[in-house]
Amino acid sequence: MRKRKWLVGLITIILGITVGMLGFSFANPTYTGSLIAKLVGKNNVQTLAANTESTEHSSQETSESNLSGTETNNQQDTEISQQLRQKIIADYKQDVGIFFDAWKCPDLPGFRVKLASGYTGEILEKHAGRAEPYFSQGIGLDVIKIDFDQIVIEKADKSTATLRVDYRYTATDFDLKKASPIGEAHEQNVHARVNLINVNSRWLITGESCL
C-alpha cells in the first residue's frame, strides 16, 4: 500500500513538472532561441554577459560611433584613387550599420525599406526572406558593438567593387513588441567577400559570401 502511494506521488510530481514547463513555453511563445546563432550559424559565436539595456542608435551613429577597426587596401589595386577607396569603405561600413539597424524595425515591411538604403538586388530579397520567420515571431536583433578588423579592396573601378572583410559584432535578440533586448549577448565573427555597386554616388551591397 505504501509503495502504491509512493508511486502515485512520484507520478504526480513528474506531471506537475511537465505541466509547469509547458506553461512556461506557452507563456513565452515568441522567444524560440537566439536569433544571432540562427542568423549566421553557431560557429564562432561566443556567449557574453547578458545585456539588459537597449542601445538606441541610427544607422549614421552605427557607422561612425561603434564601427572601429583597421582598414587595409590591396596594394595590387593601384588604379583607383585614395578618395574612392575611402568612399567605398565608408559606404560599406554604413551599409553594415543599416543592416543591423533594420533588425530593430517594428515589422518586415519596415525592415525591407530600411535595408534598401544599403542593399539592392537579390541580396535584399534573400535577407528579407530569411528575416520573415523571425519578424513573424516578433524577434529582432540589438547590436551593441561592431569592430572591423580588416577591410581589403580586392578590386574596384568607378562602378563596382569587391571587398574582403573581417569584423566582429556583439548583439542580443530583441523583442520587437516591447522594444527591448532579450537573452544573452553574443559575439559573432564574420569573414566574407562582398560585392558592391555604385548607384547615384552611393555604394550598395549586391552580394555576400562567407569565407
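Residues numbered from 1 in each chain as written. Predicted model: local features only at pLDDT ≥ 70, side-chain atom pairs only at ≥ 80, totals over all residues. Heavy atoms only, no water.

**Quick look at the pairing of strand β6 (residues 202–210)**
Heads up, the rule is: Strands are labelled as partners when DSSP assigns at least two bridges between them. Strands here are runs of E lasting at least two residues and helices are runs of H or I lasting at least four, both read from the DSSP assignment and numbered beginning at the N terminus.
The pairing of strand β5 (residues 180–199) with β6 spans 8 bridges and is classified as antiparallel. Within β6, the position partnered with valine 199 by the bridge is arginine 202.

**Quick look at the packing of helix α5 (residues 108–115) against helix α6 (residues 122–136)**
Rule in force here: Axis angles are defined between N-to-C directions and span 0 to 180 degrees, where every axis is a line fitted to C-alpha atoms and, for a helix, only to the segment in contact. Angle categories are assigned with fixed cut-offs, so that under 35 degrees is roughly parallel, over 145 is roughly antiparallel, 65 to 115 is roughly perpendicular, and the rest are oblique. Crossing handedness is read from the near helix: turned anticlockwise from the far helix by less than a right angle, it gives a left-handed crossing, and turned clockwise, a right-handed one. The contact criterion used is simple: two residues touch if any of their non-hydrogen atoms lie within 4.5 Å. We call Asp, Glu, Lys and Arg charged. Ala, Val, Leu, Ile, Met, Phe, Trp, Tyr, Cys and Pro are nonpolar, and the rest, Gly among them, are polar.
Across the interface, α5 lies against α6 with an axial gap of 10 Å and an inter-helix angle of 150°. As judged from the angle between their axes, α5 and α6 are roughly antiparallel. Crossing of α5 over α6 shows right-handed handedness. Each of Leu108, Phe111, Arg112 and Leu115 in α5 lies in contact with α6, whose residues at this interface are Leu124, Glu125, His127, Ala128, Ala131, Glu132 and Phe135. Residue composition of the contact of α5 with α6, grouped by class: 7 nonpolar, 1 polar and 3 charged.

**Remarks on the packing of aromatic side chains**
For clarity, the cut-off: Only centres within 6.5 Å qualify two rings of Phe, Tyr or Trp (six-membered ring in Trp) as a pair; their planes then separate them into stacked at under 30 degrees, edge-to-face at over 60, and tilted for everything else. Accessible area is worked out with a 1.4 Å probe on protein chains only. A residue is then buried under 20% of its type maximum, exposed over 50%, and partly exposed in between.
With the rule as written, the count across this model stands at 11 aromatic pairs. When the centroid spacing of 5.2 Å and the interplanar angle of 65° are considered together, the rings of phenylalanine 99 and phenylalanine 100 count as edge-to-face. Each ring, one from phenylalanine 99 and one from tryptophan 103, has its centre 6.4 Å from the other, and the planes form 80°; the classification is edge-to-face. As far as the burial class goes, phenylalanine 99 and tryptophan 103 line up, both buried. One aromatic cluster in this structure is built from Tyr92, Phe99, Phe100, Trp103, Phe111, Tyr119, Tyr134, Phe135, Phe148, Tyr167 and Tyr169.

**Some words on helix α4 (residues 82–102)**
Going by this rule: Any helix carries an expected span of 1.5 Å times its number of residues minus one.
For α4, built from 21 residues, the straight-helix expectation of 30 Å at 1.5 Å per residue is met to within 8% by its first-to-last C-alpha distance of 30 Å. Most of α4 is tucked away: 16 of the 21 residues are buried.

**Examining the packing of α4 against α5**
A pair of packed helices is characterised by two quantities: the angle between their axes and the separation of those axes. Contact geometry of α4 with α5 gives a least axis separation of 9 Å together with a crossing angle of 175°. Taken together, the axis directions place α4 and α5 in an arrangement best described as roughly antiparallel. Residues Ile98, Phe99, Asp101 and Ala102 of α4 lie in contact with α5, whose contacting residues are Phe111, Lys114 and Leu115. Residues belonging to the contact of α4 with α5 are distributed by class as follows: 5 nonpolar, no polar and 2 charged.

**Here's the deal with the nonpolar core**
Generally speaking, soluble globular proteins have nonpolar side chains that are buried together. The condition is simple: Within this scheme, the nonpolar core is defined by two criteria: the residues are buried Ala, Val, Leu, Ile, Met, Phe, Trp, Tyr or Cys, and they are joined through side-chain atoms within 4.5 Å.
Residues Tyr92, Phe100 and Tyr167 are the most contacted members of the largest nonpolar core, which totals 40 residues. The biggest single contributor to this core is α4, with 8 residues. When residues no more than four places from it in sequence are discounted, the contact partners of tyrosine 167 are Tyr92, Val96, Phe100, Ile146, Asp147, Phe148, Asp149, Gln188, Asn189 and Val190.

**Thoughts on α6**
Turn by turn, an α-helix covers 3.6 residues, leaving residues three or four places apart pointing in a common direction. Rules: To get the bend at any residue, fit one axis to the seven residues that end at it and another to the seven that begin at it, then take the angle between the two axes.
The terminal C-alpha atoms of α6 lie 22 Å apart, and with 15 residues this matches the ideal 21 Å at 1.5 Å per residue to within 8%. Of all the bends in α6, the greatest reaches close to 30° and is centred on arginine 130; the proline proline 133 follows between one and four positions later. Trailing α6 by a residue or two, glycine 138 shows a phi angle of about 80°, which is positive.

**Examining the environment of leucine 84**
By the secondary structure assignment, leucine 84 is in helix α4. Between the C-alpha atom of leucine 84 and that of alanine 156, which follows or precedes it by 72 residues, the distance is 9.1 Å. Ignoring any residue separated from it by four or fewer positions in sequence, one finds leucine 84 in contact with Asp157, Lys158 and Trp203.

**Thoughts on the environment of phenylalanine 99**
Looking at the element boundaries, phenylalanine 99 is found in helix α4. Measuring from C-alpha to C-alpha, the distance between phenylalanine 99 and histidine 127 comes to 9.2 Å, with 28 residues separating the pair along the chain. Residues within four places of phenylalanine 99 in sequence aside, it is in contact with Leu115, Tyr119 and His127.

**Quick look at unusual backbone geometry**
Note on backbone geometry: most residues besides glycine have negative phi, and most peptide bonds are trans. Its identity as a non-glycine residue notwithstanding, asparagine 200 has a phi of 55°, on the positive side. Among the structural elements, asparagine 200 can be located in the loop between β5 and β6. One non-glycine residue with positive phi stands out, namely serine 201, at about 65°. Residue serine 201 is classed as exposed on the basis of its relative accessible area of 56%.

**A look at the pattern of salt bridges**
The test is simple: Only one rule defines a salt bridge in this text: a Lys or Arg side-chain nitrogen within 4 Å of an Asp or Glu carboxyl oxygen.
In this structure the tally under the stated criterion is 11 salt bridges. For lysine 145, the salt bridge goes to aspartate 147, with nearest N and O atoms at 3.5 Å. Classification of lysine 145 by relative accessible area gives partly exposed; the value is 42%. Using a relative accessible area of 11% as the deciding quantity, one classes aspartate 147 as buried. Note that glutamate 154 is salt-bridged to arginine 164, the shortest N-O span being 2.9 Å. Within this pair, whereas glutamate 154 is found in strand β3 (residues 139–156), its partner arginine 164 is found in strand β4 (residues 160–175), the two being separated by 10 residues in sequence. On the basis of relative accessible area, glutamate 154 is assigned to the partly exposed category, the value being 22%. The class of arginine 164 is partly exposed, set by a relative accessible area of 28%. Overlapping salt bridges bring together Lys145, Asp147, Asp149, Arg168 and Glu187 as one network.

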